[in-house]
Amino acid sequence: MDTKVIKSKFPIFKNKINGKQLTYLDNANSSQKPQSVIDRISKFYSNEFSNIGRSVHSLGVTATNRFEETRDLIKNFINAKSREEIIFTKNATEAINLVAFTYGEKFINKGDEILITELEHHANYVPWHFIRKRKGAIIKFAECNEKGEVDIDKIKELISNKTKMIAITHLSNVTGAIMPVKKIVDLASEKKIPVLIDGCQGAPHLKIDMQELGCDFYAISCHKMYGPTGVGILYAKKKWLDVLPPYQGGGGMIEDVKKNNITFPRSPTKYEAGTLQTAEVVGFSESIKFIKDVGIKNIMSHEKEILEYGLEKIKKNNSVKIIGDPKNRGSIISFTIKGIHPHDIATILDEDGVAIRAGHHCCQILHEKLGIPASARASFGIYNSKEDIDVLSDSIKKCNKVFNT
Amino acid sequence: MDIKELYQEIILDHGKNPRNKNKCEGFNKNAKGHNPLCGDKIHVYLKIDKAKNVEDISFEGEGCAISIASASIMTQIIKGKEFNVAKKILEQFLNMLKEGSKLSINSLSDDENMTMMSLSGVKRFPMRVKCATLAWHTFINAAEGQKETVNTEK
């Protein structure tokens, strides 16, 4: 894969950051956007915009078609069984909140258990916490081992006849551990427990196939997939969408409104209240095309190569401690440097045009477990090259120099 | 600007060997501060007499070099000052970080002035201003007997 060609498609790399070429290693946080996505949004507003689903005029029809075509594109991209299983949300966080709220409302009662892991992002814990508070439910945390992964046995031993939901990440945004999601889904379905997968880090970097995976819910963050902000996707098996109550109320999600009664349509309409982020959804169709053009297999093998090169290179610096050593690792390297706080690392790297994330990455539970308040994280994407790793490695050495470590 | 202008020797020194990092004896006021975005946590202890002189001040906590150095420098500067003077120093310190203005406080020695000025490089790093100010806001809360934890995001 020629990363020079790929990079040339992303206009942000033409800019200088602090007088330096941008080395963007904050992809687990959000990814940059190719020109095609930016242009698509502009074209939509310039030529095709109108509100969707409501208007009879020509623009209304065009806009609706472009929006619904994106739904079909996504359905095929993740191999969902039907287009009704694709719901647009404002982000993956809202997708998980939707499930926690509706499923929790209907199926979780006092004393019931929700099983999550210590690896979870706050987005896959806090929504369940609300249900815990509201319903008197219990949240159980499957333990993360010293390699930064969660063994399936740890999940197995926590499952009880009270378990009403298993909600797990596909790929840890801190340790990079890729969870054995297929095995967990198989285990859960034997016991008829639904599984929600937080796919924020999975969808941009791994091949995902809903029918093969068989999970009940899968949350996707589009801005991490070279797409616009403001778009998330909830994949949900149709059987759930037929029985779960609506989430937010408003225009567009109703069937019939009377003073004493309101009825609701079927999914996805039932879950898409109000005017949606139309232009961003249409823009996202170009992100999918972009990923498909590069090819998810090519992306996976490229990112693996960059990851391995990065691990090898960074390990050579004795002051650096890499967090976790999972068997299956996505393109994420979180680390600490002896005697230097992650925020200081991020500031020094930034002076070299290197963008990384510092903090707890919305994973306070995991950081507490690791016994550190924060970490630095380099995360790779489609456009990153070995040269980017070299710049990172040199910049880390600069941290050592500034702090005399 | 060179990164060394932010991480001056004096800041690195205070960051690595913070002064007054303990629970000072006989403290009669204390407050906590938290920056939830980066996880920095600080606890400031004060001993203020009836005439409102800061007899002793110390801190405990964890954070980046900037926040620890700033806390350490603060305790050094504030110790022995009247609370009203301390408040004025804080005001000017904040202006220095936000507007880039110079310090003009008669009661500060040249040495104290120079020590505080070492933090002026933070101004160019807006994301780090909160690191530098956390301890100072927490000090005010402690002195004024505010029970609530200082939260940089509130």
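Note that this is a predicted model, so its numbers are computed, not measured. Along each chain, residue indices are assigned from 1 in the same order as the chain's sequence is written. Naming scheme: in the order in which they are written, chains are lettered from A and ligands are numbered from 1. Note on the predicted model: pLDDT of at least 70 is required for a residue's local features to be given, and 80 or more for side-chain atom pairs to be given and counted; whole-chain, interface and lining totals, by contrast, use all residues.

**Regarding the overall build of chain A**
Here is step 1: Each helix corresponds to a stretch of at least 4 residues labelled H or I by DSSP, and each strand to a stretch of at least 2 residues labelled E; elements are numbered beginning at the N terminus. From N to C terminus, chain A includes 14 helices and 17 strands.
Here is step 2: Since a compact globule built from 405 residues should have a radius of gyration of about 22 Å, the 22 Å found for chain A is in line with a globular shape.
Here is step 3: Overall, chain A is about 70 × 55 × 35 Å in size when its C-alpha atoms are taken along their principal axes.
Here is step 4: The burial criterion counts other C-beta atoms lying within 10 Å of a residue's C-beta, which is placed from the backbone; the residue is buried at 20 or more, exposed at 12 or fewer, and partly exposed between these limits. Buried positions account for 51% of the 405 residues belonging to chain A. Only C-alpha atoms enter the radius of gyration, while the globule expectation follows 2.2 Å times N to the 0.38, with N the number of residues.

**Topic: the confidence of the model for chain B**
The predicted coordinates should not be examined in detail at positions where pLDDT is low.
Here is step 1: pLDDT gives the predictor's per-residue confidence on a scale running from 0 to 100. Per-residue pLDDT for chain B has a mean of 91; in total, 99% of the residues score no lower than 70.
Here is step 2: Scored as a complex, the prediction yields pTM 0.94 and ipTM 0.90.

**A look at the interface of chain A and chain B**
Size of an interface, as often reported, equals the accessible area lost when the parts are brought together.
Here is step 1: Any residue pair is listed as a contact if its two C-beta atoms, each placed from the backbone, are within 7 Å. Listed as interface residues are 13 residues of chain A and, on the opposing side, 15 residues of chain B.
Here is step 2: For the side of chain A that touches chain B, the secondary-structure elements that each account for two or more residues are α12 (342-351) and β16 (357-359) of chain A.
Here is step 3: Broken down by element, the side of chain A that touches chain B gets its largest block of residues, five residues, from α12(A).
Here is step 4: Classification convention: Asp, Glu, Lys, Arg as charged; Ala, Val, Leu, Ile, Met, Phe, Trp, Tyr, Cys, Pro as nonpolar; all other residues, Gly among them, as polar. Residues belonging to the side of chain A that touches chain B are distributed by class as follows: six nonpolar, five polar and two charged.

**Some thoughts on the sheet that holds strand β5 (residues 113-117) of chain A**
Residue and element names in this part refer to chain A.
Here is step 1: Two strands pair if DSSP finds at least two bridges between them. Sheet architecture is open: seven strands sit in the order β4-β10-β9-β8-β7-β5-β6, paired in mixed fashion. Two strands lie at the open edges of the sheet, namely β4 (86-89) and β6 (138-142), each paired on one side alone. Neighbour to neighbour, the strand axes of the sheet diverge by 20° on average, direction disregarded.
Here is step 2: Sheet analysis places strand β9 (residues 217-221) next to strand β10 (residues 232-236), joined by five bridges and oriented antiparallel. Residue pairing for β10: Tyr 218 is matched across the bridge by Tyr 235. In this analysis an axis means a line fitted to C-alpha atoms, helices contributing only their contacting stretch, and an angle means the value between N-to-C directions, from 0 to 180 degrees.

**Focus on the environment of Lys192(A)**
Here is step 1: Position of Lys192(A) among the secondary structure elements: in the loop between α7 (181-190) and β8 (195-198).
Here is step 2: Sequence separation between Lys192(A) and Thr163(A) is 29 residues, and the spatial gap between their C-alpha atoms is 9.7 Å.

**Side note on the packing of helix α4 (residues 92-107) of chain A against helix α5 (residues 126-135) of chain A**
Residue and element names in this part refer to chain A.
Here is step 1: Where α4 contacts α5, the two axes come as close as 9 Å, and the packing angle between them is 20°. Here α4 lies roughly parallel to α5, going by the angle between them. Considering how the two elements wind past one another, α4 and α5 form a crossing that is right-handed. Contact with α4, carried on its side by Ile 96, Asn 97, Ala 100 and Gly 104, involves Pro 127, Trp 128, Phe 130, Ile 131 and Lys 135 of α5 and no other residues of that element. Throughout, the term roughly parallel applies to angles under 35 degrees, roughly antiparallel to angles over 145, roughly perpendicular to angles from 65 to 115, and oblique to all others. Two helices crossing with the near one rotated counterclockwise from the far one by less than a right angle form a left-handed crossing, whereas a clockwise rotation gives a right-handed crossing.

**Structural notes on the pairing of β6(A)**
Residues and elements named next belong to chain A.
Here is step 1: In this structure, β5 lies alongside β6, joined through five bridges in parallel fashion. Across the sheet, the residue bridging to Ile 114 is Ile 139, located in β6.
Here is step 2: With α5 bridging β5 and the parallel β6, this β-α-β connection has right-handed handedness. Think of it like this: strands point away, you trace from the first strand over the helix to the second, and a clockwise trace means the crossover is right-handed.

**Description of the environment of Asn404(A)**
Here is step 1: Along the chain, Asn404(A) falls in the segment after α14 (386-402).
Here is step 2: The spatial distance from the C-alpha of Asn404(A) to the C-alpha of Ile340(A) is 9.9 Å, given a sequence separation of 64 residues.

**Brief notes about the nonpolar core**
Here is step 1: For this analysis, nonpolar core means a set of buried Ala, Val, Leu, Ile, Met, Phe, Trp, Tyr and Cys residues linked through C-beta atoms within 7 Å. Among the nonpolar cores identified, the biggest contains 159 residues, and Phe217(A), Ile233(A), Leu234(A) and Tyr235(A) are the most heavily contacted of them.
Here is step 2: No other element matches the nine residues that helix α3 (residues 65-78) of chain B contributes to this core.
Here is step 3: Look past the residues within four positions of Ile233(A) in its chain and what remains in contact with it is Ile74(A), Ile86(A), Ile87(A), Phe88(A), Thr89(A), Ala95(A), Ile220(A) and Cys222(A).

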